[in-house]
Structure formats: C-alpha cells, structure tokens
Amino acid sequence: MSTFTTISPDKLARLIGTANAPVLIDVRTEEDFAADRRLIPGSIKRSHETVAEWGCEFAGRSVIVSCLRGGKLAQGTAAWLRQLGVQAETLDGGFEGWKAANLPLLDTSKLPPRDAKGRTVWVTRARPKVDRIACPWLIRRFVDPDAVFLYVAPSEVVAVGEHFNAAPFDIENVFWSHRGELCTFDVMIEEFGIATPALLRLATLVRGADTARPDLAPEAAGLLAASLGLSRMYDDDLEQLEAGVTLYDAFYRWCRDATTETHNWPTNKVKA
C-alpha cells in the first residue's frame, strides 16, 4: 500500500491546467466552505464523510486531496482512497496554504448550476472555430473537469440553454460573451478570477485569432490557421473539441514554459 505523501502548492500549481494534472478533491466542511466558497482551479467538492461511497470512481487515478489546512480531513480521505486503489496525496497546508501562496482561486459564484451528476452544462453554436474550442478547454482544465458541452444551431442556443439548464456562451446578449475588445475566453478568465501570466498570454493569442487581430501577437495567426484546419478535419463538433483540447494544451505550455525558446536550423558551412 502506498504511504502518506504531500504535494506543495507550488508543485501542484505547475500541474493544474496540463494534460496530466491529477484529480483535485476539496473536502472542506460545509462550514469552512461557506466562509470562503472559492476553489483551487479544477477542483471538485466532495464530502469526507462519504469517501467510501464515491472513492471507487477514482480507482487507478492520481488524486490530490485538500481540506482547510491539510490536516485530518484531507489525510483521512486520502488514506481511504488509497485503500480503494487510488493514488492519493494531500496538499501541504491545504486550502489556506494555497491561499497564503497567493495562487489563483476559482470564484464559484460565477458557476452555472450543476446537473444531477454534479457537472456544469454549457451550450453554444455548432461548428466551432476559436472561442468555442478555447473556452471549453479553459473550463475543462481550470473550472470543471467534468463539464458537458452542447453544440446546437445558432438560433437555438438560448432556448436549449433554458430547457436543458445549460449556460449559453459565445453568442450575443448573454453573460458569457464578447465585451468590447475582449473575446469570451478573456471574459471567462476575468470572471472566474483565474488569471495567471500564462493564461493572460494565451488569451492574447485567442483574442487575436478570434477577432481578426493578428497584430496582437505573432502566434495568433498560427492559432487561427490551426483552428480553421481542425474545423475542416472534423464533421463532429465533439471530436473536434477533443482534438482542440490537445491543441490548446500545446499552446498553453508554450505560453507558460517556452516563449523564450528558439529553434535555429544550423547554417551550412562552406569549406574554403
């Protein structure tokens, strides 16, 4: 059986938003959560009291558990999860440690209602290009990893949202949409309170590609070209979304880790 281990806030922050990020589970008590209803980005809220019931769904996966200060609730939940075959660690210092490190916290007051399975549901126009792939990537990686996305005819987005309890996005006259020069991706980063240097850099690329402003960043034209290429490769919007997630994973890692890296093909040397 695996032994008790912890992960530091700084190390966890490097994993969040990447393709190999662990599952993040917040087990703060309802009283502690009521005092600060924000979440570490990408977290799901579960009760430590029922871990024996829900823990099996994470078998074989890597999980980080946090409570208020990283003490008994997180450690006990992680121990239970390990009993159930989960690779579980705890966050050193818990939620308070993360907050003390001045790391981003998700504003849950902006989240749409969840369905019976605890997922947020979103709806937008079919045949996505830029924003309608970028926003689902952002939500999956930083807001709700289990989020559901519905792509429908443009004229039906609002009605589908009303009848299926889904949050409409990237259409006119809804909350999650363009504002001035900002595209929907920008708005989500701002409203959810998850701005980081890497996400803000990526937002500039998305804005440039989505609003015909390639002057905002040299890479915006490349993002637009890749996005349009994906839209021609896939007839199924959900298949395109899955491929687009990989595309944005790559652009995010460039924004975070590789903006100063260059690739120079060696010049041919002519012998005298």
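My aim in this report is to walk through the structure given alongside it, one point at a time. Bear in mind that the values here come from a model prediction, so they are computed numbers and not experimental data. (Residues numbered from 1 in each chain as written. Predicted model: local features only at pLDDT ≥ 70, side-chain atom pairs only at ≥ 80, totals over all residues. Heavy atoms only, no water.)

**Brief notes about the overall build of the protein chain**
Thinking step 1. In terms of helices and strands, the protein chain carries eleven helices and eight strands.
Thinking step 2. Dimensions of the protein chain, computed from the C-alpha atoms along their principal axes, are close to 70 × 65 × 30 Å.
Thinking step 3. Residues classed as buried in the protein chain amount to 46% of the 272 residues present.
Thinking step 4. Across the protein chain, the fraction of contacts at a sequence separation of at least 24, relative to all contacts at a separation of at least 6, is 69%.
Thinking step 5. When the accessible surface of the protein chain is split by element, carbon and sulfur atoms take 53% of a total near 13900 Å². (Helix = DSSP H or I, 4+ residues; strand = E, 2+ residues; numbered from the N terminus. Buried < 20%, exposed > 50% of the residue type's maximum accessible area, 1.4 Å probe, protein only. Contact = heavy atoms within 4.5 Å. Areas by Shrake-Rupley, 256 points an atom, 1.4 Å probe, with all protein chains shown as cover.)

**A closer look at helix 11 (residues 237–258)**
Thinking step 1. Helix length check: helix 11 (22 residues) gives 30 Å between terminal C-alpha atoms against 32 Å at 1.5 Å per residue, within 8%.
Thinking step 2. Among the residues of helix 11, the N-terminal cap falls to Asp236, whose side-chain oxygen and the backbone nitrogen of Leu238 are separated by 2.8 Å. (Expected span 1.5 Å × (residues − 1). Polar contact = N/O pair within 3.5 Å; in protein donor to acceptor, adjacent residues only side chain to side chain.)

**Quick look at the sheet that holds strand 4 (residues 62–66)**
Thinking step 1. On the basis of which strands lie adjacent, the open sheet formed by five strands has the order 1-5-4-2-3 and parallel pairing. Of all strands in the sheet, those bounded by a partner on one side alone are strand 1 (6–7) and strand 3 (43–45).
Thinking step 2. Direction of pairing for strand 2 (residues 23–26) relative to strand 3: parallel, over a ladder of three bridges. Bridge pairing links Ile25 to Ile44 in strand 3. (Pairing = 2+ DSSP bridges.)

**What about the environment of Asp170?**
Thinking step 1. Mapped onto the elements, Asp170 comes out in the loop between strand 8 (167–168) and helix 8 (184–192).
Thinking step 2. Residue classification places Asp170 among the buried residues on the basis of a relative accessible area of 5%.
Thinking step 3. Each C-alpha atom of the pair Asp170 and Ala243 lies 20 Å from the other, and the pair is 73 residues apart in sequence.
Thinking step 4. Excluding anything up to four places from it in sequence, Asp170 contacts Thr124, Arg125, Asp131, Arg132, Trp176, Ser177, His178 and Thr184.
Thinking step 5. There is a polar contact of 2.8 Å between the side chain of Asp170 and the side chain of Thr184.

**Structural notes on the environment of Pro128**
Thinking step 1. Tracing the backbone shows Pro128 in the loop between strand 6 (121–125) and helix 6 (131–143).
Thinking step 2. Exposure remark for Pro128: the relative accessible area of 0% places this residue in the buried category.
Thinking step 3. Taking the C-alpha atoms as reference, Pro128 lies 13 Å from Ala226; in sequence the two are 98 residues apart.

**Notes on the side chain of Ser231**
Thinking step 1. In this structure, Ser231 sits in helix 10 (residues 218–233).
Thinking step 2. The class for Ser231 is buried, based on a relative accessible area of 5%.
Thinking step 3. Once you skip the residues sitting within four places of it in the chain, Ser231 turns out to touch Arg127, Pro128, Lys129 and Gln240.

**Focus: the pairing of strand 2**
Thinking step 1. Both faces of strand 2 are covered, namely the face carrying Val23 and Ile25 and the face carrying Leu24 and Asp26.
Thinking step 2. Sheet analysis places strand 2 next to strand 4, joined by four bridges and oriented parallel. Counterpart to Leu24 in the pairing with strand 4 is Ile64.
Thinking step 3. Each parallel crossover has a hand, and the one from strand 2 via helix 2 (residues 30–35) to strand 3 is right-handed. (Right-handed = clockwise from strand over helix to strand, strands pointing away.)

**Comments concerning the packing of aromatic side chains**
Thinking step 1. Enumeration over the complete set of coordinates arrives at eleven aromatic pairs.
Thinking step 2. Ring plane angle 20° and centroid distance 4.9 Å describe the contact between Trp176 and Phe192, whose orientation is recorded as stacked. With Trp176 in the loop between strand 8 and helix 8 and Phe192 in helix 8, this pair connects stretches of sequence that are 16 residues apart.
Thinking step 3. Taken together, the aromatic side chains of Trp122, Phe149, Phe169, Phe175, Trp176 and Phe192 make up a single cluster linked through ring pairs.
Thinking step 4. Geometry around Phe33 places Lys45 over its ring, the cationic atom sitting 5.5 Å from the centre. (Phe/Tyr/Trp six-rings, centres within 6.5 Å; stacked < 30°, edge-to-face > 60°. Lys NZ or Arg CZ within 6 Å of the ring centre and 35° of its normal.)

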